[in-house]
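As a plain string of letters, each chain reads:
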Amino acid sequence: MATALSLLQTVFGYPAFRGAQAEIIDHVAGGGDALVLMPTGGGKSLCYQIPALLRDGCAVVVSPLIALMQDQVAALLEAGVSAAVLNSSLDAQHAAQTERDFAGGKLDLLYVAPERLVTSRFRELLGRSRVALFAIDEAHCVSQWGHDFRPEYIQLSMLHEQFPDVPRIALTATADELTRAEILTRLQLEDARVFISSFDRPNIRYAIAEKNSARDQLLAFIRAQHAGEAGIVYCLSRRKVDETAAWLTAQGVPALAYHAGLDQQTRAEHQSHFVNQDGVVIVATIAFGMGIDKPDVRFVAHLDLPKSIEAYYQETGRAGRDGLPADAWMAYGLNDVVQQRRMIDESEDDETFKRVSYRKLDALVGLAETAGCRRVQLLAYFGETSSPCGNCDNCLSPPKVWDGTEAAQKALSAVYRTGQRFGAGHLIDVLCGKTTERVARFGHDLLKVFNAGADLGDKQWRAVFRQLVTLGYLEADTHGSLKLTDAARGVLKGDISISFREEAAKPAKRAGRRAAFVSGLTNPKAGPLLDSLRAWRSTTAAEHNVPAYVVFHDSTLEAIAANPPRTLDDLRGISGIGAKKLERYGEALLRLAKEQ
Ligand code: ADP
Ligand code: ZN
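Residues numbered from 1 in each chain as written. Chains lettered and ligands numbered in written order. Predicted model: local features only at pLDDT ≥ 70, side-chain atom pairs only at ≥ 80, totals over all residues. Heavy atoms only, no water.

Q: Explain the sheet that holds strand S9 (residues 231-234) to me, please; I cannot follow it from the model alone.
A: The six strands lie next to each other as S8-S13-S12-S9-S11-S10, forming an open sheet whose pairing is parallel. For this open sheet the edge positions go to strand S8 (204-210) and strand S10 (255-258), each flanked by a neighbour on one side alone. Recorded for the sheet is a direction-independent mean angle of 15° between the axes of neighbouring strands. Here S8 runs beside strand S13 (residues 326-332); their pairing, made up of seven bridges, is parallel. Note that in S13 the partner of glutamate 210 across the bridge is tyrosine 332. Packing of helix H11 (residues 214-225) onto the sheet brings it into contact with S8, S9, strand S12 (299-302) and S13, and relative to S13 it is tilted by some 165°. (Pairing = 2+ DSSP bridges. Helix = DSSP H or I, 4+ residues; strand = E, 2+ residues; numbered from the N terminus. Axes fitted to C-alpha atoms, helices over the stretch in contact; angles between N-to-C directions. Contact = heavy atoms within 4.5 Å.)

In C-alpha cells form, the structure reads like this:
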C-alpha cells in the first residue's frame, strides 16, 4: 500500500517532507479536519494533494483564482496525477466531460471555483460522487475584514452541513489572530486541528537601503546580484512603473510594466512573459502579485514604501517560493514617509481607520530604521520570538550607531529658527552653509545655525532629519515642511540624548552564495549543460503549453548540471524528478548530458 512518503518520492520526486507537512497529511488522510497556516512557499498544496491520493474518491479543491488552479492542474498532470479544473474558462462541452469524469471516479483532484461549488447543480453532483476531502485554499477570503473578501466563501459552511463525514482542510498564508478565528467560525471548523507554522522565510535575505538615487541603486543591485534572473519591482504610481520599466530596459535589463491603467490584453501578455520566460523583471504597482506562484522569483524590490508590515511581508513573500536564496530589497527615504502619511491624511477613511493606518505605517518605518536584525523585528510583529538571523543587511554588516545629540539639537534649532515651514532640503542647505537663492531671500544666512553643521555631509543630514521624524521629534506636514513636536523640547534642552544609525557600508558582492546553496560542485550556474537544459525546458514547456517551472524547477536543473547523469538511475535521486517525469523526460536529459 502506498504511504504518504512513498507518494512524495515517487509522484512528486521529493526526498522528504518539510516542516509540519507529514503531520498534517497524516491527520487529514485519517479523516480529520485541519486549518493550516503556512507562509507562502511553505508547501501547502501537498498537504491536500497527498491525502487526495491516499483516500478513496476525488478531492475537491476550492480556489479563488483561475490562473492558480490551472497552474496547479498543469503541474499535477505533468507528475502523472489525474486532475482537472472546473471554472468559467471552460466551454460547456468540456465542463460536462469533466463532470462525468468526476462522478465516474476517474479523477483524484478536482479544482473548482467557489461560485460554482455552491450552486445546487454542483451540490447534486457532489451527492452522486465519492468525495475524498474538501480543501479550501486561500481560506482568508472568508474574512469580511480582510483585503480579499469573497462572499461565496461564506456559503462554504454548507459543505460541512451536507457532507459531515468528509474531512476538510482550510489553508492560508495570511491570517492574523482575528482572521484565524473568523475562518474557524465561518467555515464551522471549530473542532479542526490548527497547524501554525513559523512565518519565517529563511531563504529570503532582507535589506533596506537609504534612498539616494533609487533607480541607480536598483540597477546596481540587479546587476551585482541578479543579472538574468526574474524579479518584481514595486512602485507606488503607474507613471513611475512605466518610467522605471522603460529605463531598466534601456539599461539592458529586460523589464515589463504592469498596472491597472494598462489594457487587459497588455497586462495578460506581460504577466505571461514574466511567468513563462526566464529572467524577466516585472515593474508593477501592488495590482500585481495575487495568484502568481512562480517559484523562481529571485528578488522583490521596493522603490516606494508599502503601507504596512503585512503588505511588505506579502509582497516580499513572492520571492523564493522554491526555497532557494532570494532577496527582498527596499530603498527608503524621508519622502516615502511623508508621502504615505499624506495618503492616509487625504483618504476618505474615518478617524479610527486612519489611526490604525498610521500605527501600521509606523511599525514598518520602525523596521526600516532598526539597527537590529530585520527578521527578528518582522517576526515579532507576527507574534514570533526569534534570534538574530545572520541573513539580513543588519546582521551581515551591522550599522554603527553614533551619538547624535548635538546634531539633533542643531537640526531642531534650524527648524525652529527658520519658522517651522521648510522641508529638509532647505534646512540642510542652511546647516551646511550654502547660500542658495532661497537661503538669501529669507535671510537664513544671517541665522546662528547657518553653516553650523558643515562637519556632516548632505547625506548624513538627510538621515538625521529622517530619523528625527521617525523617532517623533519632528513632524512632517503633507508638503514635507517640518515642525517640532512636544518631545523636541527635551532634546533642545539637553535632557534627552539621541543615537542615530549610520548607514551601513555597501555589503560586499556575494557571488557564489546561490552556488554554495545548491549542494555540490563549483558554480553550477555557469556551464553549457545548464544552458542547454534551460533551452530544452523552454521548448518543452512551450510544446506542452505550460510554464517552464511546471516542467522542472531551476533547482532541479541545477542539480542535474552539477552532477551530470549517465544513467536513468543517476536521475532518480534528484529532487523534483518523480516516476512520471523520469519516464517522460529521462532519456532527453541523458542525451543533453551526453552532448556536453
Ligand atoms: P504554498 O502553496 O504554501 O505557497 P506550494 O505548495 O506552492 O507552496 O509549494 C511551494 C514549492 O515548494 C512548490 O514548488 C513545491 O513543489 C515545493 N515543495 C513543497 N513541499 C516540498 C517538499 N517536501 N520537498 C521539496 N519541495 C517541496
Ligand atoms: Zn538578521
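From this point on, the discussion continues.
Q: It is not clear to me how the pairing of strand S5 (residues 131-136) should be interpreted in this structure. Could you clarify?
A: It is a general feature of regular strands that their side chains alternate between the two faces of the sheet. Counting buried positions along S5 gives six out of six residues, so the element sits mostly inside the fold. Two elements, strand S2 (residues 58-62) and S5, share five bridges in a ladder whose sense is parallel. By the bridge assignment for S5, valine 60 is matched with phenylalanine 134. (Buried < 20%, exposed > 50% of the residue type's maximum accessible area, 1.4 Å probe, protein only.)

Q: Which parts of the structure should I look at to understand the side chain of glutamine 467?
A: Looking at where glutamine 467 falls in the secondary structure, it is placed in helix H22 (residues 458-470). For glutamine 467, a relative accessible area of 5% puts it in the buried group. For glutamine 467, the contacting residues outside a window of four places in its chain are Glu369, Phe500 and Arg501.

Q: I tried to follow the nonpolar core on my own but got confused; where do I start?
A: For soluble globular proteins, the rule of thumb is that nonpolar side chains tend to be buried together. In this structure, Phe274, Phe288 and Tyr312 are the most contacted members of the largest nonpolar core, which totals 61 residues. The element that contributes the greatest number of residues to this core is helix H29 (residues 579-595), accounting for six residues. Shared between two domains, this core takes at least three residues from each, and those domains are domain 2 (204-396) and domain 4 (513-595). For phenylalanine 288, the contacting residues outside a window of four places in its chain are Ile232, Tyr234, Tyr258, Gln271, Phe274, Ile282 and Arg318. (Core = buried A, V, L, I, M, F, W, Y, C linked by side-chain atoms within 4.5 Å. Domains from an automatic or database assignment.)

Q: Please explain a negative patch on the surface as it appears in this structure.
A: On the surface, Glu348, Asp349, Asp350 and Glu351 cluster together into a negatively charged patch. Among the structural elements, glutamate 348 can be located in the loop between helix H15 (334-346) and helix H16 (351-369). (Patch = residues over 30% accessible without salt bridge, like charges linked within 9 Å, V, L, I, M, F, W, Y side chains within 5 Å. Areas by Shrake-Rupley, 256 points an atom, 1.4 Å probe, with all protein chains shown as cover. Salt bridge = Lys/Arg side-chain N within 4 Å of Asp/Glu carboxyl O. Lys, Arg positive; Asp, Glu negative; His and termini not counted. Charge placed at Lys NZ, Arg CZ, Asp CG, Glu CD.)

Q: Got a minute to help me understand the domain arrangement of the protein in this structure?
A: How big an interface is tends to be reported as the loss of accessible area on association of its parts. Entries for the protein in the domain assignment read domain 1 (2-196), domain 2 (204-396), domain 3 (401-501) and domain 4 (513-595). One C-alpha centre belongs to domain 1, the other to domain 3, and the line joining them spans 57 Å.

Q: Where do I start with the site of ligand 1 in this structure?
A: Near ligand 1, the surroundings consist of 15 residues, among which Tyr14, Gly41, Ser45, Arg321 and His553 are the closest. A distance of 2.6 Å is found between an oxygen atom of ligand 1 and a backbone nitrogen or oxygen belonging to glycine 41. For ligand 1, an oxygen atom lies 3.4 Å from a polar atom in the side chain of histidine 553. Its free accessible area being 570 Å², ligand 1 has 84% of it covered by the protein chains. Grouping the constituent residues of the shell around ligand 1 by class yields five nonpolar, seven polar and three charged. (Near = heavy atom within 4 Å. Polar contact = N/O pair within 3.5 Å; in protein donor to acceptor, adjacent residues only side chain to side chain. Nonpolar A, V, L, I, M, F, W, Y, C, P; charged D, E, K, R; others polar.)

Q: In this structure, what is going on with unusual backbone geometry? I would like to understand it.
A: Excluding glycine, most residues fall at negative phi; most peptide bonds, likewise, are trans. The phi dihedral of glutamine 420 falls on the positive side, at around 55°, and the residue is not glycine. With respect to the helices and strands, glutamine 420 occurs in the loop between helix H19 (405-417) and helix H20 (424-431). By relative accessible area, glutamine 420 is classed as partly exposed at 24%. Even without being a glycine, asparagine 545 presents a positive backbone phi close to 60°. Inspection of the secondary structure assignment puts asparagine 545 in the loop between helix H25 (528-544) and helix H26 (548-551).

Q: Hey, could you run me through the pattern of salt bridges in this one?
A: Any two side chains of opposite charge can pair, given that their charged atoms come close. Taken as a whole, this structure holds 33 salt bridges when the rule is applied. Residue aspartate 296 is joined to lysine 294 by a salt bridge in which the shortest nitrogen-to-oxygen separation is 3.2 Å. Here aspartate 296 falls in the buried class, since its relative accessible area comes to 8%. Accessibility expressed as a relative area gives 3% for lysine 294, which makes it buried. Among the ionic contacts, a cluster of salt bridges with common partners joins Lys211, Lys240, Asp304 and Asp336.

Q: I'm lost on the sheet that holds strand S3 (residues 83-86) in this one. Help?
A: Sheet strands line up and pair through hydrogen bonds in the backbone, either parallel or antiparallel. The strand order across the open sheet built from seven strands is S3-S4-S2-S5-S6-S1-S7, with neighbouring strands paired in parallel fashion. Every interior strand has two partners, whereas the edge strands, S3 and strand S7 (193-196), have only one. With strand direction ignored, the average angle separating the axes of adjacent strands in the sheet is 20°. The sheet contact formed by strand S1 (residues 34-37) and strand S6 (residues 168-172) spans four bridges and is parallel. Counterpart to leucine 35 in the pairing with S6 is alanine 170.

Q: It is not clear to me how the packing of aromatic side chains should be interpreted in this structure. Could you clarify?
A: Each aromatic ring pair is described using two quantities: the centre-to-centre distance and the angle formed by the ring planes. Enumeration over the complete set of coordinates arrives at 17 aromatic pairs. Taking the centre distance of 6.3 Å and the plane angle of 5° together, the rings of phenylalanine 102 and phenylalanine 122 count as stacked. Placement of phenylalanine 102 in helix H5 (residues 92-103) and of phenylalanine 122 in helix H7 (residues 120-128) is noted, with a sequence separation of 20 residues between them. On the basis of relative accessibility, which here comes to 1%, the residue phenylalanine 102 falls in the buried class. Between tryptophan 461 and phenylalanine 465 the ring centres are 6.4 Å apart and the planes differ by 45°, which places this aromatic pair in the tilted class. Here the residue tryptophan 461 and the residue phenylalanine 465 both occupy positions in helix H22, the gap between them amounting to four residues, near one helical turn. A relative accessible area of 0% means that tryptophan 461 is categorised as buried. Overall, phenylalanine 465 belongs to the buried group, its relative accessible area being 0%. (Phe/Tyr/Trp six-rings, centres within 6.5 Å; stacked < 30°, edge-to-face > 60°.)

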